[in-house]
Amino acid sequence: DEVYGLEMPSDHLLAGAGDTMQLWDVARAERLERVTFARAEGGHIFGGERNPEQRAYVFGLATRARVVCAALSDGTVRLLDARTLADASA
């Protein structure tokens, strides 16, 4: 999948590609976490014939303090903890 977002909060790298986000420890070159995004209920799906699985793709990432915002192709923004990739929307 193509990479559409990279962020580097502290010594970690966040990479958004396809329908996933990955958290990497840069010093150890080790992937710490990976999350796969499901399409939001009622979300829009773009891509038509090019997206037969109707996946929600990462279009961009932005970090603020310990929160990473992922803009997805289903028209949603997901908020995650930048250190664990746990849901931070609550």
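As a reminder, the structure under discussion sits directly above these lines.
To start, this report covers the structure provided alongside it. Everything numeric in this text was worked out from a predicted model, so none of it was measured. (Residues numbered from 1 in each chain as written. Predicted model: local features only at pLDDT ≥ 70, side-chain atom pairs only at ≥ 80, totals over all residues. Heavy atoms only, no water.)

### With respect to the overall build of the chain
- The secondary structure content of the chain amounts to 0 helices and 7 strands.
- Mapped in sequence order, the helices and strands of the chain form the string β-β-β-β-β-β-β.
- Over its C-alpha atoms the chain spans a radius of gyration of 13 Å, differing by no more than 12% from the 12 Å that the globule rule assigns to 90 residues.
- Within the chain, the fraction of its 90 residues that count as buried is 36%.
- Put simply, 35% of the contacts in the chain that link residues at least 6 apart link residues at least 24 apart.
- Treating the 10 positive side-chain charges of the chain as one cloud and the 14 negative ones as another, the clouds have centres 2 Å apart. (Helix = DSSP H or I, 4+ residues; strand = E, 2+ residues; numbered from the N terminus. Rg over C-alpha atoms; globule rule 2.2 N^0.38 Å. Buried < 20%, exposed > 50% of the residue type's maximum accessible area, 1.4 Å probe, protein only. Contact = heavy atoms within 4.5 Å. Lys, Arg positive; Asp, Glu negative; His and termini not counted. Charge placed at Lys NZ, Arg CZ, Asp CG, Glu CD.)

### Overview of the nonpolar core
- In terms of nonpolar packing, the biggest core is built from 12 residues, these being Leu 14, Met 21, Leu 23, Phe 37, Val 58, Leu 61, Val 68, Ala 70, Leu 72, Leu 80, Ala 82 and Leu 85.
- When residues of this core are traced back to their parent elements, those giving at least two are strand 3 (20-25), strand 5 (58-64) and strand 6 (67-72).
- Of the residues forming this core, the biggest block, 3 residues, is contributed by strand 6.
- Beyond its immediate stretch of four places on either side in the chain, Leu 80 contacts Met 21, Val 35, Phe 37, Arg 66, Val 67, Val 68, Leu 85, Ala 86, Asp 87 and Ala 88. (Core = buried A, V, L, I, M, F, W, Y, C linked by side-chain atoms within 4.5 Å.)

### Regarding the pattern of salt bridges
- Across all of its chains, the model carries 6 salt bridges by this definition.
- Across the pair Arg 55 and Asp 19 runs a salt bridge whose closest N-O atoms are separated by 3.1 Å. Taken as a pair, Arg 55 in the loop between strand 4 (30-36) and strand 5 and Asp 19 in the loop between strand 2 (12-17) and strand 3 lie far apart in primary sequence, 36 residues in all.
- Among the ionic pairs, Asp 81 bridges to Arg 66, the shortest N-O distance being 3.0 Å. In this pair, Asp 81 sits in strand 7 (residues 77-81) while Arg 66 sits in the loop between strand 5 and strand 6, placing the two residues 15 residues apart along the sequence.
- For Asp 81, a relative accessible area of 17% gives the class buried.
- By relative accessible area, which is 49% here, Arg 66 ends up partly exposed. (Salt bridge = Lys/Arg side-chain N within 4 Å of Asp/Glu carboxyl O.)

### As for the pairing of strand 2
- Of all 6 residues making up strand 2, 5 are buried, and the element is well covered by its neighbours.
- Bridge count between strand 1 (residues 3-7) and strand 2: 4 bridges; the pairing is antiparallel. By the bridge assignment, Glu 7 is partnered in strand 2 with Leu 14.
- What sits between strand 1 and strand 2 in their antiparallel hairpin is a turn of 4 residues, with Ser 10 showing a positive phi close to 55°.
- Where strand 2 meets strand 3, 6 bridges bridge the pair, whose relative direction is antiparallel. What sits directly across from Gly 16, in strand 3, is Met 21.
- From the end of strand 2 to the start of strand 3, which pair antiparallel, there are 2 residues, and Gly 18 there has a positive phi angle of about 60°. (Pairing = 2+ DSSP bridges.)

Function-wise, these values are silent; they only describe arrangement.
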